[in-house]
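The primary structure of each chain is shown beneath.
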Amino acid sequence: MSKTIYSGWKALVLLVATCWVTSASADGFYVGAGAYRTDISIDDFDDNDYAPAAFVGYQFLDTNLLMLSGEVGYYDFGDYESNDNKAEGSAITLAGVAYLPLGPFFEIYAKAGIASAKIELKDSGDRQDFDGEDGFGGIGVAFDILDTIDIYAEYLAFDNKLNSKMYGIGVRLDF
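This write-up is about the structure you can find in this document. (Residues numbered from 1 in each chain as written. Predicted model: local features only at pLDDT ≥ 70, side-chain atom pairs only at ≥ 80, totals over all residues. Heavy atoms only, no water.)

**So, a negative patch on the surface**
Step number 1: A grouping of Glu81, Asp84, Asp123 and Asp126 is seen on the molecular surface, where their side chains present a negatively charged patch.
Step number 2: Assignment of secondary structure puts Asp126 in strand 6 (residues 126-145). (Patch = residues over 30% accessible without salt bridge, like charges linked within 9 Å, V, L, I, M, F, W, Y side chains within 5 Å. Areas by Shrake-Rupley, 256 points an atom, 1.4 Å probe, with all protein chains shown as cover. Salt bridge = Lys/Arg side-chain N within 4 Å of Asp/Glu carboxyl O. Lys, Arg positive; Asp, Glu negative; His and termini not counted. Charge placed at Lys NZ, Arg CZ, Asp CG, Glu CD. Helix = DSSP H or I, 4+ residues; strand = E, 2+ residues; numbered from the N terminus.)

Given below as structure tokens:
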């Protein structure tokens, strides 16, 4: 699983670098990263961890009443261990995001899309891999600093084998 996560990070870094280079004069592109508390629940196994996430996006509608964007992201679900049980996972996501400005500095938003998840479970030595596409969604708030930097807090729920829920804070840079 660590090779998969490492490969996912390499792909995401390459994507962010490409967007960074090509967006020097392209309004609407943004990148972001955050730290998340992840919670999972499988049968009677509940646990939490802290994990990173990153995303790139393009805002294709920006009005005073509504903003819409598309986003590609990487979310790590964390690593969990209890007795002989182990779980870890991550997802690459594709989402639509709708923002509602609440004045010049605040906005609330909703995010929904599809997550391509890779999950590994070990139970008393038995290993099971779950790969697939599942829905996810969430809500958040953002505080705008200097019109190009946003500090955000969000809640996300993934409909996967881990029943993942994430609470996070991070930074988004607009180009």
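**A few points about the nonpolar core**
Step number 1: Ranked by size, the top nonpolar core spans 27 residues in total, and within it Tyr36, Tyr75, Phe77, Leu156, Phe158, Leu162 and Met166 carry the most contacts.
Step number 2: Among the elements of the structure, strand 1 (29-42), strand 2 (45-62), strand 3 (67-82), strand 4 (85-101), strand 5 (106-123), strand 6 and strand 7 (149-158) are those that each provide at least two residues to this core.
Step number 3: Once you skip the residues sitting within four places of it in the chain, Tyr75 turns out to touch Tyr36, Pro52, Ala53, Phe55, Ser90, Ala91, Thr93, Lys111, Glu154, Leu156, Phe158 and Met166. (Core = buried A, V, L, I, M, F, W, Y, C linked by side-chain atoms within 4.5 Å. Buried < 20%, exposed > 50% of the residue type's maximum accessible area, 1.4 Å probe, protein only. Contact = heavy atoms within 4.5 Å.)

**Looking at the pattern of salt bridges**
Step number 1: Tallying each qualifying case throughout the model produces 10 salt bridges.
Step number 2: Note that Glu120 is salt-bridged to Arg127, the shortest N-O span being 3.1 Å.
Step number 3: For Glu120, a relative accessible area of 8% translates into the label buried.
Step number 4: With a relative accessible area of 51%, Arg127 lands in the exposed category.
Step number 5: Between Arg127 and Asp129 there is a salt bridge, and its shortest N-O distance comes to 3.3 Å.

**Considerations on the packing of aromatic side chains**
Step number 1: Across all of its chains, the model carries 12 aromatic pairs by this definition.
Step number 2: Feature note: the residues Tyr36, Tyr75, Phe77, Phe136 and Phe158 constitute an aromatic cluster, connected by ring pairs.
Step number 3: The ring centre of Phe55 lies 5.0 Å from the NZ or CZ of Lys111, which sits over that ring.
Step number 4: It is Arg172 that lies over the ring of Tyr30; its NZ or CZ is 4.9 Å from the centre. (Phe/Tyr/Trp six-rings, centres within 6.5 Å; stacked < 30°, edge-to-face > 60°. Lys NZ or Arg CZ within 6 Å of the ring centre and 35° of its normal.)

**As for the side chain of Asp39**
Step number 1: Among the secondary structure elements, Asp39 is positioned in strand 1.
Step number 2: For Asp39, a relative accessible area of 17% puts it in the buried group.
Step number 3: In this structure, Asp39 is in contact with Asp47, Asn48, Tyr80, Asn163, Ser164, Lys165 and Tyr167, ignoring residues within four places of it in sequence.

**Some remarks on the environment of Asp174**
Step number 1: Along the chain, Asp174 falls in strand 8 (residues 165-174).
Step number 2: For Asp174, a relative accessible area of 21% corresponds to the partly exposed category.
Step number 3: For Asp174, the residues in contact, after removing those within four places along its chain, are Phe29, Tyr30, Asp147, Thr148 and Asp150.
Step number 4: Looking at Asp174, its side chain comes within polar contact range of the side chain of Arg172, at 3.3 Å. (Polar contact = N/O pair within 3.5 Å; in protein donor to acceptor, adjacent residues only side chain to side chain.)

**Here's the deal with the pairing of strand 3**
Successive side chains on a regular strand alternate, one facing one side of the sheet and the next facing the other.
Step number 1: Pairing of strand 3 with strand 4, which is carried by 15 bridges, proceeds in the antiparallel orientation. By the bridge assignment for strand 4, Ser69 is matched with Val97.
Step number 2: What sits between strand 3 and strand 4 in their antiparallel hairpin is a turn of 2 residues, with Asn83 showing a positive phi close to 55 degrees. (Pairing = 2+ DSSP bridges.)

**Details of the pairing of strand 5**
Step number 1: The pairing of strand 4 with strand 5 spans 17 bridges and is antiparallel. Opposite Leu100, over in strand 5, you have Ile108 as the bridge partner.
Step number 2: In this antiparallel pair of consecutive strands, strand 4 and strand 5, the connection spans 4 residues, and Gly103 shows a positive phi of 110 degrees.
Step number 3: As judged from the 18 bridges shared by strand 5 and strand 6, these two strands associate in the antiparallel manner. Looking at strand 6, one finds that Asp123 is bridged to Asp126.

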